[in-house]
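Each chain, letter by letter, is given below.
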Amino acid sequence: MAKINAKEGLRKFIVSIKRNTSRIPLLAFLISFVYYSFNLSCISNTTAKIQGPGMGLFGFMTMLFSMLGLVAFINAFPHRKKVNRPMLVLMFFLVALVIFADVSYRNLIYRAVFDPVNPIAVTESTAYIATAASMLSVHIVLLVISIVLTALLPVYSRLLKKINTNIDVDGYGKMEAIEIERD
């Protein structure tokens, strides 16, 4: 049975990150997409309860442009090739549209809850409305973090490449001491 070495596992992980540093912002975008997807029932229930103008469209825009943004990100950073700048610009544009849809949806929630004429009361049975509003704020923050990680990718990729991940092998420096037998 092979012995698991934590130090060697960490070294291999750092080597894989050094080879493809674009995995870091990709992971951040995936986390934000999964976070929104897992809370989609709150968005759907809020849309059904409030029925504000364009709420369904904004929820649809967020899901669609999030998926398209992930595809654009993957195409913007092909493995061991130069960055595909048009796809990178498209990815930033799609993420900006997602943030716009989130902010618009959240504003519609606030408008419905704080309406002076006919406010929607957030009670125990409609707590999903408050959950949706706070979830959208967190989603926006996660997207901004992902954008910052993508924008700073050239900076921290250079820093990661400076990490020494070489293995010291005993006797590697003493190659002249090895005798080769001749027949």
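Residues numbered from 1 in each chain as written. Predicted model: local features only at pLDDT ≥ 70, side-chain atom pairs only at ≥ 80, totals over all residues. Heavy atoms only, no water.

Draft legend 1. Main features of the overall build of the chain. Scanning the chain from terminus to terminus reveals 7 helices and 0 strands. Written out in order from the N terminus, the α and β elements of the chain read α-α-α-α-α-α-α. Across the 183 residues that make up the chain, the buried fraction comes to 36%. Here the chain displays about 12500 Å² of accessible surface, and carbon together with sulfur accounts for 65% of that area. (Helix = DSSP H or I, 4+ residues; strand = E, 2+ residues; numbered from the N terminus. Buried < 20%, exposed > 50% of the residue type's maximum accessible area, 1.4 Å probe, protein only. Areas by Shrake-Rupley, 256 points an atom, 1.4 Å probe, with all protein chains shown as cover.)

Draft legend 2. Region of the structure containing the nonpolar core. In this structure, Phe29, Ile43, Ile50, Met91, Tyr105, Ile109 and Leu136 are the most contacted members of the largest nonpolar core, which totals 40 residues. Among the secondary structure elements, those contributing two or more residues to this core are helix H2 (23-38), helix H3 (40-50), helix H4 (55-76), helix H5 (85-113), helix H6 (127-151) and helix H7 (153-161). The leading source of residues in this core is H5, at 12 residues. (Core = buried A, V, L, I, M, F, W, Y, C linked by side-chain atoms within 4.5 Å.)

Draft legend 3. Representation of the environment of cysteine 42. Considering the arrangement of structural elements, one finds cysteine 42 in helix H3. Since its relative accessible area comes to 13%, cysteine 42 is described here as buried. As for cysteine 42 and alanine 127, which are separated by 85 residues in sequence, their C-alpha atoms are 9.0 Å apart. Each residue touching cysteine 42, except ones within four places of it in the same chain, is listed here: Tyr128, Thr131 and Ala132. (Contact = heavy atoms within 4.5 Å.)

Draft legend 4. Broad picture of the side chain of threonine 47. Position of threonine 47 among the secondary structure elements: in helix H3. Taking the relative accessible area as the measure of exposure, threonine 47 reaches 18% and is therefore buried. One polar contact links threonine 47 to tyrosine 105, side chain to side chain, over a distance of 2.5 Å. (Polar contact = N/O pair within 3.5 Å; in protein donor to acceptor, adjacent residues only side chain to side chain.)

Draft legend 5. A look at unusual backbone geometry. The backbone of glutamine 51 sits at a positive phi, close to 55°, despite the residue not being glycine. Here glutamine 51 is to be found in the loop between H3 and H4.

Draft legend 6. Spatial organisation of a nonpolar patch on the surface. A cluster of nonpolar side chains, contributed by Val144, Val148, Leu152, Val155 and Leu159, occupies part of the molecular surface with about 420 Å² of accessible area. Where the nonpolar patch is concerned, the elements lending two or more residues are H6 and H7. For leucine 152, the location among the structural elements is in the loop between H6 and H7. The class of leucine 152 is partly exposed, set by a relative accessible area of 43%. (Patch = residues over 30% accessible without salt bridge, like charges linked within 9 Å, V, L, I, M, F, W, Y side chains within 5 Å. Salt bridge = Lys/Arg side-chain N within 4 Å of Asp/Glu carboxyl O.)

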